[in-house]
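# Analysis of the macromolecular model
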Amino acid sequence: LVGGVLDVLRDFFVTKTELTCSSAVSVVGTVFYYLFGIYDCLMDLLIYCMIVDFATGVTVAWFASEPQKKISSKRGLLGGCKKIFILLLVGISFKIDTITNTQMIRTVVLWFFIGNEGLSILENVAKLGIPIPKTLKNKLAQLTNEKEGV
């Protein structure tokens, strides 16, 4: 009987590892909410698009680029920094929404960068030879020419 009671009591107390992990998740979640607002489906989509864009960009650099544009840690770091700055802009837009008591600015900023990441993903998969509709391919070529100033 005493052993059973002790087993039940032991289950009520958390271990040091559980406490450390729970505290870390709590701190990260709190900081994330403070910086970016609620983690909703738009934020989830943006982060997913950022990961896919980074992965397709690395794949293009590894397999489909000209020799002078192979993978470089400098270009990878620059790409990672751009992603961080995008998230910081989302954070700024969240703070503006908080001050103005709206949810419009953050939503517009999220949709803009989701679209931007989506275009980059399409450009990357086209370079990898994945078939995309001809009309879309022509628009991407036009966009690339505008970026390069042709």
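Refer to the structure presented above.
Residues numbered from 1 in each chain as written. Predicted model: local features only at pLDDT ≥ 70, side-chain atom pairs only at ≥ 80, totals over all residues. Heavy atoms only, no water.

### What about the overall build of the protein?
When you go through the protein residue by residue, the secondary structure sums to six helices and zero strands. When the helices and strands of the protein are placed in sequence order, the string is α-α-α-α-α-α. Across the 150 residues in the protein, those meeting the buried criterion constitute 21%. (Helix = DSSP H or I, 4+ residues; strand = E, 2+ residues; numbered from the N terminus. Buried < 20%, exposed > 50% of the residue type's maximum accessible area, 1.4 Å probe, protein only.)

### Points about the packing of aromatic side chains
A full pass over the atoms with the stated rule returns five aromatic pairs. Measuring from centroid to centroid gives 5.0 Å for phenylalanine 112 and phenylalanine 113, while their planes differ by 75 degrees, and the two rings are edge-to-face. When its relative accessible area of 53% is taken as the criterion, phenylalanine 112 is described as exposed. The buried category is assigned to phenylalanine 113, whose relative accessible area is 11%. (Phe/Tyr/Trp six-rings, centres within 6.5 Å; stacked < 30°, edge-to-face > 60°.)

### Topic: the layout of surface pockets
Volume-wise, the second largest pocket comes out at about 200 Å³. Taken together, Tyr33, Gly37, Ile38, Asp40, Leu42, Phe94, Asp97, Thr98, Thr102, Gln103, Arg106 and Thr107 make up the lining of the second largest pocket. Elements supplying a minimum of two residues to the lining of the second largest pocket: α4 (73-100) and α5 (104-127). (1 Å grid on protein atoms, 1.4 Å probe; cavity = no way out; pocket = protein on both sides within 12 Å on 5 of 7 lines; lining within 4 Å. Points joined across faces, edges and corners; volume = space filled by probe spheres on them.)

### Quick word on unusual backbone geometry
Even without being glycine, asparagine 101 reaches a positive phi, approximately 55 degrees. Positionally, asparagine 101 belongs in the loop between α4 and α5.

### Thoughts on the pattern of salt bridges
Taken as a whole, this structure holds three salt bridges when the rule is applied. Its salt-bridge partner being aspartate 40, residue arginine 106 comes within 3.2 Å of it at the nearest N-O pair. Taken together, the residues span a long stretch of sequence, with arginine 106 in helix α5 and aspartate 40 in the loop between α2 (16-36) and α3 (41-64) at a distance of 66 residues. Exposure remark for aspartate 40: the relative accessible area of 23% places this residue in the partly exposed category. Here glutamate 117 and lysine 83 are joined by a salt bridge, their closest N and O atoms 2.8 Å apart. A residue pair is termed long-range when its members are at least 10 positions apart, and glutamate 117 in helix α5 and lysine 83 in helix α4 qualify at 34 residues. Assessed through its relative accessible area of 3%, glutamate 117 is described here as buried. Connected through shared salt-bridge partners, Asp53, Lys83 and Glu117 make up one network. (Salt bridge = Lys/Arg side-chain N within 4 Å of Asp/Glu carboxyl O.)

### Here we look at the packing of α2 against α4
For the pair α2 and α4, the least separation of the axes is 7 Å and the interaxial angle reads 70 degrees. Between α2 and α4, the crossing angle belongs to the class labelled roughly perpendicular. Residues Tyr33, Tyr34, Leu35 and Phe36 of α2 form the contact with α4, whose participating residues are Leu87, Leu88, Val90, Gly91, Phe94 and Lys95. Considered class by class, the residues forming the contact of α2 with α4 number eight nonpolar, one polar and one charged. (Axes fitted to C-alpha atoms, helices over the stretch in contact; angles between N-to-C directions. Parallel < 35°, antiparallel > 145°, perpendicular 65-115°, else oblique. Contact = heavy atoms within 4.5 Å. Nonpolar A, V, L, I, M, F, W, Y, C, P; charged D, E, K, R; others polar.)

### Quick word on the side chain of lysine 83
A relative accessible area of 14% places lysine 83 in the buried class. The contact partners of lysine 83, leaving out residues within four places of it in the chain, are Met50, Asp53 and Glu117.

### Some words on the nonpolar core
Of all hydrophobic cores here, the largest spans 16 residues; its most connected members are Met43, Leu46, Ile86, Val90, Leu110, Phe113 and Ile114. For this core, the secondary structure elements donating two or more residues are α3, α4 and α5. Of the residues forming this core, the biggest block, six residues, is contributed by α5. (Core = buried A, V, L, I, M, F, W, Y, C linked by side-chain atoms within 4.5 Å.)

That is the geometry; function is a separate question.
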